[in-house]
Amino acid sequence: MTGSLSALFGLEARATSALLWGIVGCLSVLVGVQGYTLLVAPLVTITQALALALVVGSVAAGGSYVLEPRLAVWAANRTTE
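Residues numbered from 1 in each chain as written. Predicted model: local features only at pLDDT ≥ 70, side-chain atom pairs only at ≥ 80, totals over all residues. Heavy atoms only, no water.

Undergrad: Can you help me understand a nonpolar patch on the surface in this one?
TA: The grouping of Y36, L38, L39, V40, L43 and V44 at the surface amounts to a nonpolar patch, some 640 Å² of accessible area in total. Position of V44 among the secondary structure elements: in the loop between α2 (13-39) and α3 (46-80). What makes V44 partly exposed here is its relative accessible area of 31%. (Patch = residues over 30% accessible without salt bridge, like charges linked within 9 Å, V, L, I, M, F, W, Y side chains within 5 Å. Areas by Shrake-Rupley, 256 points an atom, 1.4 Å probe, with all protein chains shown as cover. Salt bridge = Lys/Arg side-chain N within 4 Å of Asp/Glu carboxyl O. Helix = DSSP H or I, 4+ residues; strand = E, 2+ residues; numbered from the N terminus. Buried < 20%, exposed > 50% of the residue type's maximum accessible area, 1.4 Å probe, protein only.)

Undergrad: Could you clarify how one ought to interpret the environment of L50 in this entry?
TA: Take L50: it is sitting in helix α3. Spatially, the C-alpha atom of L50 lies 8.4 Å from that of C26, the residues being 24 residues apart in sequence.

Undergrad: How should the packing of aromatic side chains be read in this particular structure?
TA: Two descriptors summarise a pair of aromatic rings, namely the distance from one centre to the other and the angle between the planes of the rings. Counted by the stated rule, this structure contains zero aromatic pairs. For the cation-ring pair, R14 lies above Y65, with the distance from its terminal atom to the ring centre recorded as 3.9 Å. (Phe/Tyr/Trp six-rings, centres within 6.5 Å; stacked < 30°, edge-to-face > 60°. Lys NZ or Arg CZ within 6 Å of the ring centre and 35° of its normal.)

Undergrad: Just to check I follow, could you spell out the nonpolar core for this structure?
TA: For soluble globular proteins, the rule of thumb is that nonpolar side chains tend to be buried together. Within the largest apolar cluster, five residues are counted, these being C26, V29, V33, A49 and A53. Contributions of two or more residues to this core are made by α2 and α3. Here this core gets three residues from one element, more than from any other, and that element is α2. Filtering out sequence-adjacent residues up to four positions away, V33 remains in contact with V44 and A49. (Core = buried A, V, L, I, M, F, W, Y, C linked by side-chain atoms within 4.5 Å. Contact = heavy atoms within 4.5 Å.)

Undergrad: Honestly, the side chain of S64 in this entry has me stumped. Any pointers?
TA: Structurally, the position occupied by S64 is in helix α3. Since its relative accessible area comes to 15%, S64 is described here as buried. Within the structure, the side chain of S64 is placed 3.0 Å from the backbone oxygen of A61, a separation counted as a polar contact. Excluding residues that lie within four positions of it along the chain, S64 makes contacts with A18 and W21. (Polar contact = N/O pair within 3.5 Å; in protein donor to acceptor, adjacent residues only side chain to side chain.)

Shape descriptors only; they carry no functional weight alone.
This is the structure in structure tokens:
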């Protein structure tokens with residue numbers, strides 16, 4: 001593979017970053033639910049876990065898409081002070 005991930009998806013870098021953060025959020029919820037199920041008891045059904053993971057993933061993707069430029073400006077200003 002010679003291209004970047006953004007070129008592979010055909011998206012701009014900011015959208016690709018947000019998509020990947022959404023995937024991380026989604027998988028984190030599923031890992032947490034599975035770990036709790038293995039150690040204690042089933043907390044929710046698999047359908048409920050998937051729905052919760054989709055909600056968390058969507059919020060993470062949307063939040064990272066909105067906040068990324070603000071965090072970049074904040075980080076740039078922080079290094080100049």
